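Residues per chain are reported as follows:
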There are 2 protein chains.
Amino acid sequence: MVESTGRRPTIYSVADRAGVSIATVSRVLRRPGEVRASTRDRVLAVVEELGYVPDGAARSLAVKSHEAHGLVLPELRGPYYADLLTGYEQGAAEGGASVVVLLTHGKDDVDLLVRRLAGRVDGMVLMGAVPVSTGTVAAVRAKLPVLVLADRHQVSVESFSTENVRSAEQLTRHLIDVHGRRTLRFVGSPEFADDVRERYAGFVAAHEAAGLVPAEPVPATFREDDGPRVASLLVEDGLGADGVVCANDELALSVMQRLLAAGVDVPGRISVTGWDDVMAARYVTPGLTTVSQPVRELGREVAVRMRALLEDRHSAPEQHVLPTRLVLRQSCGCA
Amino acid sequence: MVESTGRRPTIYSVADRAGVSIATVSRVLRRPGEVRASTRDRVLAVVEELGYVPDGAARSLAVKSHEAHGLVLPELRGPYYADLLTGYEQGAAEGGASVVVLLTHGKDDVDLLVRRLAGRVDGMVLMGAVPVSTGTVAAVRAKLPVLVLADRHQVSVESFSTENVRSAEQLTRHLIDVHGRRTLRFVGSPEFADDVRERYAGFVAAHEAAGLVPAEPVPATFREDDGPRVASLLVEDGLGADGVVCANDELALSVMQRLLAAGVDVPGRISVTGWDDVMAARYVTPGLTTVSQPVRELGREVAVRMRALLEDRHSAPEQHVLPTRLVLRQSCGCA
DNA sequence: TTGTACGCGTTATCAG
DNA sequence: CTGATAACGCGTACAA
């Protein structure tokens, strides 16, 4: 086989030019110790000269590994997913794998894309909120290790998440016990995502523990846009509530801003809390009381676990839950 | 429970089970129209039954395309990179390509990783701020199309960026003309990144146009941590300055918070401006005056351009510059 | 309409 | 220490 006319040098081009076989070129790159120094230097010189880089696809085919993980997220707004990706990428990189990101928002053929992705990676991480059919998940699981995040609906599949119920209970309890709140509202749609469901469960638990009756949740997505609607709903309601537990910070910030704009005293008249501890939470006035999740660490741990799974595919599915941390600022009533 | 066996079905398994040749299986998947309906259905049934997904590596090898682009970023903090990635992923997906993300922060072998990545993708996007040697860039460029972002140092390589000089000049001018500021300071290290350099250039230009002498920049990275240092520096300085133009919002928010905490009136005594328009900018008090960049659109346009480059590799390098928008809030002195 | 056979670029085994 | 060669799984001329 002679040099192909293609512009990209192959292992054959290098071998030819260095006067060795392709086996030697491969060895020089993978196990330099097994090659005589003089030969090695000659080959490396040619590699450098030609700018040779092994083709990843061919390599993957030969070693039977894509050296890549798939990470499927709904979107990338807010710090949560970005931090997750950051942590995951680090953990994956430590194992020599790169990360292929698939964002599902705005795509109408998610199932197809996920299936296709399954053919290019060694393992796949699925955010619980991504709109993918159980059939597709099953098909992918049959091919490679799958880890699901922030969704523990199915116990059969291994999952990671941050603690929600107890944190939400602790937060709600704080509002009730420390700040004497009695008519709290929860903002967010529990049926929307598993973590919201758990946060509401904690909200309910705190009420029951205090002998109070929890109110029905005020439906809202994770978008800031819902803030105004919720805020005016609270105001029109004659402000029957004296505290608002929001499913995330975007919602909380937006609601709080509207309340303040309407002349409502926060936290004097009403407490507001969020979830996530975004950057804005510590810059607004009053500072937003919220819950901080170790998202970056979560991402890294997920990656590490994925690497372990790739080594030994027969370990039983585990359910991992990482602890969160309550961040008390001023919006709840704390000094 | 379905388990991943590690031995995935291949095109041969499907062909065998369906009683056809692999060519037919391949055709059914790629050009269904060329196959008789009955045969097609039989094959598809087996595909479904076995959960067959074509191996991406083998496919790439055969079609000579990785169907993937590389995106190399320093990190993922703040909304900039996340938005960029979001836009790019969308644009790439429209062309059927996935995105492999490489984060360089904290890695000490960036050049190696970038070279390796070059073997797994069809094109590569490099953020100007990533610490990669010119030699590596040259080597990668020899293999595949490379697009550089927010760095126009080398005209030979095609680049994308958002407008900096004129926007910074306009912003500075606003502080001078509208708010009567005379002793402005620029916070950020021009030598750190190309876009910071350009923003400082605009800062200088506005001064010259107004017959003022621009002060030397106050060195600072993009990190929030530098805020306190800069703020106390300004205060200790007897607050010789009546305005601070920061290289980005993180810096501005941090500086502003410290100034306010020290009892300094913002914007009464001193104006503060940022760059990027992060979420916190519209929630703080006073609202942060800043510059908004169409980052998402930028990402998408870069992806579209990359796809064009992949079609026709012989177009001359272009320098693309997207317009930005000045966002006036209260921290500059506006009502 | 369907099947055969070869090429894609690398790794790894086994002789030499 | 080095070389020849067989996989790896898929797409596709070319034949039938």
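Residues numbered from 1 in each chain as written. Chains lettered and ligands numbered in written order. Predicted model: local features only at pLDDT ≥ 70, side-chain atom pairs only at ≥ 80, totals over all residues. Heavy atoms only, no water.

Undergrad: Teacher, can you tell me more about the overall build of chain A here?
TA: Tallying secondary structure elements over chain A gives twelve helices and eleven strands in all. Its C-alpha atoms give chain A principal-axis dimensions of about 85 × 40 × 35 Å. Taking all 335 residues of chain A together, the buried fraction comes to 54%. A separation threshold of at least 6 residues defines the contact pool for chain A, and within that pool the share at least 24 residues apart is 68%. Carbon and sulfur atoms form 51% of the exposed surface of chain A, whose accessible area is close to 14,200 Å². Seen as two clouds, the 38 positive and the 43 negative side-chain charges of chain A have centres 6 Å apart. (Helix = DSSP H or I, 4+ residues; strand = E, 2+ residues; numbered from the N terminus. Buried < 20%, exposed > 50% of the residue type's maximum accessible area, 1.4 Å probe, protein only. Contact = heavy atoms within 4.5 Å. Areas by Shrake-Rupley, 256 points an atom, 1.4 Å probe, with all protein chains shown as cover. Lys, Arg positive; Asp, Glu negative; His and termini not counted. Charge placed at Lys NZ, Arg CZ, Asp CG, Glu CD.)

Undergrad: What is the right way to look at helix α11 (residues 249-261) of chain A in this model?
TA: Think of an α-helix as 3.6 residues a turn; residues three or four steps apart then line up on the same face. Residue and element names in this part refer to chain A. For α11, which comprises 13 residues, the first-to-last C-alpha distance of 18 Å matches the rise-based estimate of 18 Å (1.5 Å per residue) to within 8%. All buried positions along α11 are accounted for by D249, E250, L251, A252, L253, S254, V255, M256 and L259. In this fold, the buried residues of α11 make contact with α5 (79-93), β6 (184-187), α10 (226-236), β7 (243-246), β8 (271-273) and β9 (290-292). Two or three places before L251, at the opening of α11, N248 has a side-chain oxygen 3.1 Å from that residue's backbone nitrogen. Positioned one or two residues after α11, G263 has a phi angle of 85°, which is positive. (Expected span 1.5 Å × (residues − 1). Polar contact = N/O pair within 3.5 Å; in protein donor to acceptor, adjacent residues only side chain to side chain.)

Undergrad: Which parts of the structure should I look at to understand the interface of chain A and chain B?
TA: The interface of chain A with chain B comprises 54 residues on the first partner and 51 residues on the second. The junction of chain A with chain B conceals about 5,100 Å² of combined surface from both sides, 53% of it contributed by carbon and sulfur atoms. When the buried surface of chain A facing chain B is broken down by residue, R120, K143 and Y283 of chain A rank first, second and third, together holding 15% of it. Across the pair R120 of chain B and E67 of chain A runs a salt bridge, and its minimum N-O distance is 3.2 Å. The interface formed by chain A and chain B holds 20 residue pairs in polar contact (both at pLDDT 80 or more) in total. Counting residues per element, the ones that place at least two in the side of chain A that touches chain B are α4 (56-63), α5, β2 (98-103), α7 (134-143) and α11 of chain A. Top contributing element to the side of chain A that touches chain B by residue count: β2 of chain A, with six residues. Broken down by class, the residue content of the side of chain A that touches chain B amounts to 26 nonpolar, ten polar and 18 charged. (Buried area = accessible area lost by both parts, 1.4 Å probe. Salt bridge = Lys/Arg side-chain N within 4 Å of Asp/Glu carboxyl O. Nonpolar A, V, L, I, M, F, W, Y, C, P; charged D, E, K, R; others polar.)

Undergrad: Sorry if this is basic, but what is going on with the domain arrangement of chain A here?
TA: By a widespread convention, an interface's size corresponds to the accessible area lost as its parts come together. The assigned domain composition of chain A is domain 1 (11-50), domain 2 (68-162 + 295-322) and domain 3 (165-292). One C-alpha centre belongs to domain 1 of chain A, the other to domain 3 of chain A, and the line joining them spans 64 Å. (Domains from an automatic or database assignment.)

Undergrad: How should the confidence of the model for chain A be read in this particular structure?
TA: As a note on interpretation, predicted positions should not be read in detail where pLDDT is low. With 96% of its residues at a pLDDT of 70 or more, chain A has an overall mean of 92. Residue range residues 1-6 of chain A is modelled with pLDDT below 50. Its contacts to residues more than four positions away, or to other chains, number five contacts. (pLDDT = per-residue confidence, 0-100.)

Undergrad: So what exactly am I meant to see when it comes to the nonpolar core here?
TA: Side chains that are nonpolar tend, in soluble globular proteins, to be buried together. With 92 residues, the main nonpolar core has Y88, M124, L126 and M127 of chain A together with Y88 and M127 of chain B as its most contacted residues. Leaving out residues up to four positions away in the same chain, Y88 of chain A has contacts with H69, L71, V99, V125, G299, R300, V302, A303 and M306 of chain A. (Core = buried A, V, L, I, M, F, W, Y, C linked by side-chain atoms within 4.5 Å.)

Undergrad: Explanation requested: the environment of R282 of chain B in the structure shown.
TA: All names here are of chain B. As for its position among the elements, R282 is in the loop between β8 (271-273) and β9 (290-292). The class for R282 is partly exposed, based on a relative accessible area of 32%. Put simply, R282 and S13 are 269 residues apart on the chain and 58 Å apart in space, counted from C-alpha to C-alpha.

Undergrad: I would appreciate a short explanation of the relation of the copies chain A and chain B in the present structure.
TA: The two chain copies are connected by a rotation around an axis plus a translation along it. With an RMSD of 0.1 Å, the operation that places chain A on chain B is a rotation of 180° combined with a shift of 0.1 Å along the axis. What we have between these two chains is a two-fold relation. Taken together, the interface assignments show that 83% of the residues at the interface of chain A recur at the interface of chain B, consistent with an identical surface on both copies. (Least-squares fit on C-alpha atoms with pLDDT ≥ 70 in both.)

Undergrad: I tried to follow the UniProt feature "domain: HTH lacI-type" (unreviewed entry) in chain A on my own but got confused; where do I start?
TA: UniProt records the feature "domain: HTH lacI-type" (unreviewed entry) at residues 9-63 of chain A, using the numbering of this structure. As annotated, residues 9-63 of chain A comprises 71% helix and 0% strand, and the C-alpha atoms at either end are separated by 20 Å. (UniProt positions renumbered as here; feature names shortened; annotations may be inferred.)

Undergrad: Could you clarify how one ought to interpret the protein's contact with DNA strand C in this entry?
TA: Around DNA strand C, 29 residues are found, and the nearest of them are I11, R30 and Y52 of chain A together with T24 and T39 of chain B. Sugar plus phosphate, as a fraction of atoms of DNA strand C within 4 Å of the protein: 64%. Here I11 of chain A contributes a backbone N or O atom positioned 2.4 Å from a phosphate oxygen of DNA strand C. R36 of chain B is positioned such that a nitrogen or oxygen atom in its backbone is 3.0 Å from a phosphate oxygen of DNA strand C. Looking at the surface near DNA strand C, the elements that each hand over two or more residues are α1 (11-18), α2 (22-30) and α4 of chain A together with α2 (22-30) and α4 (56-63) of chain B. Considered class by class, the residues forming the surface near DNA strand C number 16 nonpolar, six polar and seven charged. (Near = heavy atom within 4 Å.)

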